[in-house]
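Tertiary structure, described
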Amino acid sequence: MSAEAPGRGIERTLREMFDDAGVRGWLHVAELHRPEARVTIDADEAALMGSVYKVPLMVTYCRQVDAGLLDPRQRITLPPQDRLPGPTGISQLQDEVSMSLRDLVVMMMTISDNAAADAVLRHVGAAAVDDTCRALGLFRTQLNDGAAGTLARLVTETGAETVDAAFARIADNDRAVPPGVYDPACATATTPAEMAHLLRTIWLDEAASADSCAFIRRTMGHQPAQHRLASGFPYDEVAVYGKTGTFGVMRHEAGVVELADGRAYTAVVFTQAARADRRLPRADAVIGATARTAVEHLRGRE
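From a predicted model like this one, the values you see are computed outputs, not experimental measurements.

Let's talk about the overall build of the protein chain
Scanning the protein chain from terminus to terminus reveals 10 helices and nine strands. Against the 2.2 N^0.38 benchmark of 19 Å for 302 residues, the protein chain shows a C-alpha radius of gyration of 19 Å, consistent with a compact globule. In terms of principal-axis extent, the alpha carbons of the protein chain reach across some 65 × 50 × 35 Å. The burial tally for the protein chain puts 52% of its 302 residues in the buried class. Taking contacts inside the protein chain between residues at least 6 apart in sequence as the whole, the part at least 24 apart equals 66%. Charged side chains in the protein chain number 32 positive and 40 negative. The centres of these two groups are separated by 1 Å.

Laid out in structure tokens, this is it:
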């Protein structure tokens, strides 16, 4: 019997890890400075990206600041009756909030604040984000009005009267989910390969000015979520920069892992769980576990 090709071996291992966690997985892990050294699982297939869309949104914001089109210190006031729903940040507050555009960007990236992201998107413009994606070579990434558009389509697809009621319907394991809910063709979607490419342009100071790219990296390093990508690299000497994304049964993270020896890897893992439970720790943990397995495989081939 002939030996299994190295690439097929790691692919089989990763698919088994996804299966054991009860998810379908998409993955793209690559060396930052040698992107041809990579491990992939269906990395060119489109999927809903949830709040991962905030990465290209932040890049577009930074490019507009670089061009003098936006003032990062501009004060934005968000009244309580005009906020996008969300589980964190400003969406949970009862009073009027006023802060700078720059601080709203930090809120949307660190704690994935939907209300902050929606305000930033209104100032940046969805068409501008699409233009940025095309300029950077992301031709299958589409915003479709970000979270606001995604939530509006969810309400329509489920026939619910509110966003909360719509989420309750797709969280019911005994109820069939309308086929359009997770269709990437008409939602905020991307591919793991394109998100990995975007991350690489940020880390190489190609996505925006050097100062702006440093701002993006620093902000992604302050994300408090440790249950997905970072869970695979639980060491003080390893730096993990990331942005999570969640929508229904979809759980994702796109980020960069910097090891103690200075080597860095882009790591993008998307998952779609077989069950709709709100809490599926194994579905979260497999994101970090598969990313680490892929990184170890790449290091073993050096």
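Some points on unusual backbone geometry
Positive phi, normally seen in glycine, also occurs at Asp42, with a value near 50°. For Asp42, the location among the structural elements is in the loop between strand 2 (38-41) and strand 3 (47-48). Although it is not a glycine, Asp205 sits at a positive phi angle of roughly 60°. Its location among the elements puts Asp205 in the loop between helix 8 (192-203) and helix 9 (210-220).

Section: the packing of helix 2 (residues 54-66) against helix 9
One can describe the packing of helix 2 onto helix 9 by two numbers: an axis separation of 10 Å at closest approach and a directional angle of 150°. With respect to helix 9, the element helix 2 is oriented roughly antiparallel. Considering the relative orientation of helix 2 and helix 9, their crossing is right-handed. Taking contact as the criterion, the partners of Met58, Val59, Tyr61, Cys62 and Asp66 in helix 2 are, on helix 9, Ser212, Phe215, Ile216 and Thr219. Residue composition of the contact of helix 2 with helix 9, grouped by class: six nonpolar, two polar and one charged.

So, the environment of Arg83
Looking at where Arg83 falls in the secondary structure, it is placed in the loop between strand 4 (75-78) and strand 5 (97-100). Here Arg83 falls in the buried class, since its relative accessible area comes to 14%. Separated by 25 residues in sequence, Arg83 and Met108 have C-alpha atoms that sit 13 Å apart. In this view, Arg83 contacts Leu78, Ile90, Leu93, Gln94, Asp95, Glu96, Val97 and Ala115; residues no more than four positions away in its chain are not counted. Within the structure, Arg83 has its side chain in polar contact with the backbone oxygen of Leu78 (distance 3.0 Å). A distance of 3.3 Å separates the side chain of Arg83 from the backbone oxygen of Pro79, its partner in a polar contact.

Let's talk about the sheet that holds strand 8 (residues 250-258)
Taking strand neighbours across the sheet as the criterion, the five strands line up as 2-1-9-8-7 in an open arrangement whose pairing is antiparallel. Of all the strands in the sheet, just strand 2 and strand 7 (239-247) have a single pairing partner and so form its edges. Adjacent strand axes in the sheet meet at a mean angle of 10° when their direction is disregarded. Across nine bridges, the pairing between strand 8 and strand 9 (residues 264-273) is antiparallel. Note that in strand 9 the partner of Gly255 across the bridge is Ala267. Packed onto the sheet, helix 8 meets strand 1 (23-31), strand 7, strand 8 and strand 9 and runs at close to 150° relative to strand 9. Helix 9 contacts strand 7 and strand 8 of the sheet and is inclined by roughly 75° relative to strand 7.

A closer look at the state of the cysteines
For the structure shown, the criterion picks out zero disulfides. In this structure Cys133 is a free cysteine whose sulfur lies 14 Å from that of Cys62, the closest cysteine sulfur available. Summary of cysteine pairing: Cys213 is not part of a disulfide, and the nearest cysteine sulfur, belonging to Cys62, is at 7.5 Å. What makes Cys213 buried here is its relative accessible area of 0%.

Section: helix 10 (residues 281-300)
If you check helix 10, its first and last C-alpha atoms are 29 Å apart, about what 20 residues at 1.5 Å a residue would give, namely 28 Å. Of all the positions in helix 10, only Ala283, Asp284, Val286, Ile287, Gly288, Thr290, Ala291, Thr293, Ala294, Val295, His297 and Leu298 are classed as buried.

Procedures and definitions
- Residues numbered from 1 in each chain as written.
- Predicted model: local features only at pLDDT ≥ 70, side-chain atom pairs only at ≥ 80, totals over all residues.
- Heavy atoms only, no water.
- Helix = DSSP H or I, 4+ residues; strand = E, 2+ residues; numbered from the N terminus.
- Rg over C-alpha atoms; globule rule 2.2 N^0.38 Å.
- Buried < 20%, exposed > 50% of the residue type's maximum accessible area, 1.4 Å probe, protein only.
- Contact = heavy atoms within 4.5 Å.
- Lys, Arg positive; Asp, Glu negative; His and termini not counted.
- Charge placed at Lys NZ, Arg CZ, Asp CG, Glu CD.
- Axes fitted to C-alpha atoms, helices over the stretch in contact; angles between N-to-C directions.
- Parallel < 35°, antiparallel > 145°, perpendicular 65-115°, else oblique.
- Left-handed = near helix turned anticlockwise from the far one by under 90°.
- Nonpolar A, V, L, I, M, F, W, Y, C, P; charged D, E, K, R; others polar.
- Polar contact = N/O pair within 3.5 Å; in protein donor to acceptor, adjacent residues only side chain to side chain.
- Pairing = 2+ DSSP bridges.
- Disulfide = S-S within 2.5 Å.
- Expected span 1.5 Å × (residues − 1).

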